[in-house]
Amino acid sequence: MSEQTKAIEQDVRIGLDARMPARIKEIKEWLAINRRQWEEGLAHSFERLFQMGKEKEVSYLQVCFLRTSLLTGGYFYRACFYDSLYYLDLEPVCIDVDTWFVYQFFQEDVEGCIQKLQGRYKRLYPNDIMRIKELCNFYYIGLMKMCVEAILPGLLETKAYTGLKKAENFRILFGEYMGKAEVIDGLFYSDTR
């Protein structure tokens with residue numbers, strides 16, 4: 001990593017740490033005001049996935065951010081059912097979840113970072129801009145996790161979910177696709193009834 005890239009990354013982190021708490025508060029307020037709207041859309045996506053996965057025995061439900069969507073500007077998450085082979089499952093059941101309700105301010109935040117840095121550095125390379133997006137996205141992943149955790153308790157009581165063929169060690173994961181994913185706290189379920 002070049003010295004300029006390290007310096008840019010440090011400047012971005014400092015700027016985001018100062019600016020993002022206010023942005024997160026703003027997004028949380030928007031989410032609270034429009035809760036019914038985004039919950040319905042998110043719940044509908046998961047219900048569709050549950051219907052698609054009803055024939056498959058599943059060991060994992062993973063909700064993960066697609067890093068390629070940083071390049072395309074789509075900001076999609078993928079929700080997938082996997083068997084015990086996880087990523088090696090030959091026939092995963094997946095849907096893409098549109099997250100405009102969280103990412104509506106993302107591009108504005110990235111452009112704000114870029115504008116501040118353009119005054120300090122002669123040139124920002126494509127890799128620098130991608131790293132800026134990745135660092136901004138760190139905060140947005142946290143907001144999306146909060147949204148998923150908010151709707152999960154209700155979804156896990158639906159007929160579509162309870163009718164799934166879940167393996168005994170079924171887990172729900174949240175994170176990045178082919179990257180870091182964590183078990184969402186307290187959500188271990190099995191078909192031991």
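Scroll up to find the structure this text is about.
Just so we're clear, the structure is a prediction, and the values are computed from it rather than from any experiment.

## Remarks on the state of the cysteines
Turning to step 1, where the next piece is worked out: Across all of its chains, the model carries one disulfide by this definition.
Turning to step 2, where the next piece is worked out: For Cys 80, the disulfide goes to Cys 94, at an S-S distance of 2.4 Å. Taking the sign of the torsion about the S-S bond as the criterion, the disulfide between Cys 80 and Cys 94, at about 115°, is right-handed. Residue Cys 80 is found in strand β2 (residues 76–82), and its partner Cys 94 is found in strand β3 (residues 93–98); the two are separated by 14 residues along the sequence.
Turning to step 3, where the next piece is worked out: When its relative accessible area of 28% is taken as the criterion, Cys 94 is described as partly exposed.

## A few points about the packing of helix α1 (residues 3–33) against helix α6 (residues 126–155)
Packed helices, taken two at a time, are described by the angle their axes make and the gap between the axes.
Turning to step 1, where the next piece is worked out: Orientation of α1 relative to α6, taken along the N-to-C sense of each, is 30°, at an axis distance of 9 Å. Here α1 lies roughly parallel to α6, going by the angle between them. Regarding α1 and α6, the two cross each other, and that crossing is right-handed.
Turning to step 2, where the next piece is worked out: When its residues are assigned to classes, the contact of α1 with α6 shows 15 nonpolar, two polar and seven charged.

## Concerning unusual backbone geometry
Turning to step 1, where the next piece is worked out: A positive phi angle, close to 55°, is found at Tyr 86, a residue other than glycine.
Turning to step 2, where the next piece is worked out: Of note, Tyr 86 is situated in the loop between β2 and β3.

## A look at the nonpolar core
Turning to step 1, where the next piece is worked out: Ranked by size, the top nonpolar core spans 59 residues in total, and within it Leu 42, Phe 50, Tyr 77, Phe 81, Phe 101, Tyr 103 and Tyr 140 carry the most contacts.
Turning to step 2, where the next piece is worked out: Of all the elements, α6 adds the most residues to this core, at 14 residues.
Turning to step 3, where the next piece is worked out: If sequence neighbours within four positions are ignored, Phe 101 has contacts with Trp 30, Leu 31, Trp 38, Leu 42, Met 144 and Cys 147.

## A word on the environment of Leu 117
Turning to step 1, where the next piece is worked out: Its place among the elements puts Leu 117 in helix α5 (residues 106–118).
Turning to step 2, where the next piece is worked out: Accessibility expressed as a relative area gives 4% for Leu 117, which makes it buried.
Turning to step 3, where the next piece is worked out: Taking the C-alpha atoms as reference points, Leu 117 and Tyr 86, separated by 31 residues in sequence, lie 40 Å from one another.
Turning to step 4, where the next piece is worked out: For Leu 117, the contacting residues outside a window of four places in its chain are Ile 8, Asp 11, Val 12, Leu 124 and Ile 132.

Quick notes on the rules
- All residue numbers here refer to positions counted from 1 along the written sequence of the relevant chain.
- At least 70 in pLDDT is required for a residue's local features to be given in this predicted model, at least 80 for side-chain atom pairs to be given and counted, and no such filter applies to totals for whole chains, interfaces and linings, which use all residues.
- Just so you know, side-chain values use all the structure's heavy atoms and leave hydrogens and water out.
- Counting rule for disulfides: a pair of cysteine sulfur atoms within 2.5 Å.
- Numbering of helices and strands starts at the N terminus; helices are DSSP runs of H or I of at least 4 residues and strands are runs of E of at least 2.
- Between buried and exposed lies partly exposed: a residue is buried under 20% and exposed over 50% of the maximum accessible area for its type, with that area taken using a 1.4 Å probe on protein chains only.
- Here, axes are lines fitted to C-alpha atoms. For helices the fit covers the stretch in contact, and angles between N-to-C directions go from 0 to 180 degrees.
- Small angles under 35 degrees read as roughly parallel and large ones over 145 as roughly antiparallel, with 65 to 115 read as roughly perpendicular and the rest as oblique.
- The handedness criterion is simple: a crossing whose near helix is rotated anticlockwise from the far helix by less than a right angle is left-handed, and one whose near helix is rotated clockwise is right-handed.
- All residues other than Ala, Val, Leu, Ile, Met, Phe, Trp, Tyr, Cys, Pro, Asp, Glu, Lys and Arg, Gly among them, are scored as polar; the first ten of these are nonpolar and the last four charged.
- Here, nonpolar core means buried Ala, Val, Leu, Ile, Met, Phe, Trp, Tyr and Cys residues that are tied together by side-chain atoms lying within 4.5 Å of each other.
- In what follows, a contact means two residues having at least one pair of non-hydrogen atoms within 4.5 Å.

Take it as geometry only, folks, not as evidence of what the structure does.
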